[in-house]
Amino acid sequence: MRVLVVTAVPAERDAVVRGVRAAAAESADTPEAAEVSVPGGRTLHRVVRPTLTLDALAAGVGPAAAAAATATALTAAELGTAGRPTGLAAAGPGAAGPGAAGLDAAPYGLVVSAGIGGGFTPAPLGTVVVAEAIVAADLGAETPDGFAAVTDLGFGTVEHLPPPALVRAVAEAAGAARGAVLTVSTVTGSAGRATELLRRHPRAAAEAMEGFGVAEAAAAHGVPVLEVRAISNTVGPRDRAAWRIGEALDALAGAFRDLPPALAIWKGPST
Ligand SMILES: O=C(O)c1cccc(C(=O)CC[C@H]2O[C@@H](n3cnc4c(=O)[nH]cnc43)[C@H](O)[C@@H]2O)c1
């Protein structure tokens, strides 16, 4: 299976790659690695194992950057781009391939939005959350009666649902919580906002900024989507000192160490 994992920043991308390499080490297979260029000036980091090719791409922060980079990578993988990886070096420190090259024409079977995120009550720091629903939480209009989602206004989409069987398999494999992951363009900074979001989305477990953008691109290409978030902070009043980004990145790596076996048992997007 070919999986595209989209993060916001390189540190999250590298945590994903670290996790998949750790899984390979536990299976005693030596993953090949390469850096592959995609149109738009970005480079994805590839890990090749016997039954899984995982491409990790840092797209930038926010739903628009995530959607643009995801759609570009999916299109490039469907069509192929100029050039080929010029040989795949054996894995190891700094063992990326001898320079970025193009994408082979080989579509992805799954797209994953991954990274750190803010947690709502059921998801304390260090928890991993797998999205049962990927929700655009601030896509809509402010009205005299409060927030109206675009769907309340008669158009658009505000939710994408990952394949339930895959969500269950990944959550069980990773010991993760399940719930809605909210995508926002403005990070929540007050208790009142956090309370309002939970009132509108009682199943919300986490808040982040890219998942809905990734999911929209995946849906446009007919590719199933997941979102996996490691909790770095609590959604609410701004308190940078309370952030635990390092621990969250380690938890993210752990989730991607556990993901490959879950993918192996998944029977495909209709389940
Ligand atoms: O400056 C702040 O107070 C602040 C508070 C929360 C998040 C940020 C970010 O810049 C986060 C950007 C980045 O990290 C993800 N993330 C992590 N925690 C949250 C959150 O509580 N709400 C939304 N996004 C979060 C997000 O996906 C971005 O990629 C700054």
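Residues numbered from 1 in each chain as written. Predicted model: local features only at pLDDT ≥ 70, side-chain atom pairs only at ≥ 80, totals over all residues. Heavy atoms only, no water.

S.K.: Summarise the overall build of the protein chain; cite the residues concerned and give the values.
M.R.: Along the protein chain, the regular secondary structure elements total six helices and 13 strands. Its C-alpha radius of gyration of 18 Å places the protein chain within 12% of the 18 Å reference for a compact globule of 271 residues. Its C-alpha atoms give the protein chain principal-axis dimensions of about 60 × 35 × 35 Å. Residue burial in the protein chain is summarised as follows: out of 271 residues, 53% are buried. Taking all contacts inside the protein chain whose residues are at least 6 apart in sequence as the whole, residues at least 24 apart take part in 77%. Summed over all atoms, the accessible surface of the protein chain reaches about 11300 Å², with 56% contributed by carbon and sulfur. In the protein chain, 20 positive and 25 negative side-chain charges are present, and the distance between their average locations comes to 3 Å. (Helix = DSSP H or I, 4+ residues; strand = E, 2+ residues; numbered from the N terminus. Rg over C-alpha atoms; globule rule 2.2 N^0.38 Å. Buried < 20%, exposed > 50% of the residue type's maximum accessible area, 1.4 Å probe, protein only. Contact = heavy atoms within 4.5 Å. Areas by Shrake-Rupley, 256 points an atom, 1.4 Å probe, with all protein chains shown as cover. Lys, Arg positive; Asp, Glu negative; His and termini not counted. Charge placed at Lys NZ, Arg CZ, Asp CG, Glu CD.)

S.K.: Outline the side chain of Thr70, supporting the account with residue identities and numerical values.
M.R.: Residue position: Thr70 is located in helix α2 (residues 63–79). The class of Thr70 is buried, set by a relative accessible area of 0%. A distance of 2.7 Å separates the side chain of Thr70 from the backbone oxygen of Ala66, its partner in a polar contact. With residues near it in sequence (within four places) discarded, Thr70 still touches Leu4, Val6, Val111, Val214 and Ala217. (Polar contact = N/O pair within 3.5 Å; in protein donor to acceptor, adjacent residues only side chain to side chain.)

S.K.: Mind laying out the site of the ligand, listing which residues take part and the relevant values?
M.R.: Glu207, Glu210, Arg238, Arg240 and Trp243 are the nearest of the 15 residues found near the ligand. Side-chain polar atom of Glu207 to a nitrogen atom of the ligand: 2.6 Å apart, as the coordinates give it. Separating an oxygen atom of the ligand from a backbone N or O atom of Met209 is a distance of 3.0 Å. Burial of the ligand by the surrounding chains reaches 85%, relative to a free accessible area of 550 Å². Elements with a contribution of two residues or more to the shell around the ligand: β6 (110–119), β12 (204–208) and β13 (225–234). (Near = heavy atom within 4 Å.)

S.K.: Give me the lowdown on the side chain of Asp258, citing residues and values where you can.
M.R.: On the secondary structure map, Asp258 appears in helix α6 (residues 245–265). Owing to a relative accessible area of 17%, Asp258 belongs among the buried residues under this scheme. A polar contact of 3.2 Å, which involves the side chain of Asp258, links it to the side chain of Arg257. Excluding residues within four positions of it along the chain, Asp258 makes contact with Ala173 and Ala174.

S.K.: Got a sec to walk through the pairing of strand β7 (residues 128–136)? Specific residues and values, please.
M.R.: Counted residue by residue, β7 has eight buried out of nine residues, so it is predominantly covered. Of the strand pairs in this sheet, β7 and β13 are connected by three bridges, and their pairing is antiparallel. Across the sheet, Val130 pairs through a bridge with Val228, a residue of β13. As paired elements, β7 and strand β11 (residues 177–183) share seven bridges and run parallel to each other. Within β11, the residue paired with Val130 across the bridge is Arg178. Here two bridges tie β7 to strand β10 (residues 159–160), and the two strands are oriented antiparallel to one another. Across the sheet, the residue bridging to Val135 is Glu159, located in β10. (Pairing = 2+ DSSP bridges.)

Read these as spatial facts, not as claims about activity.
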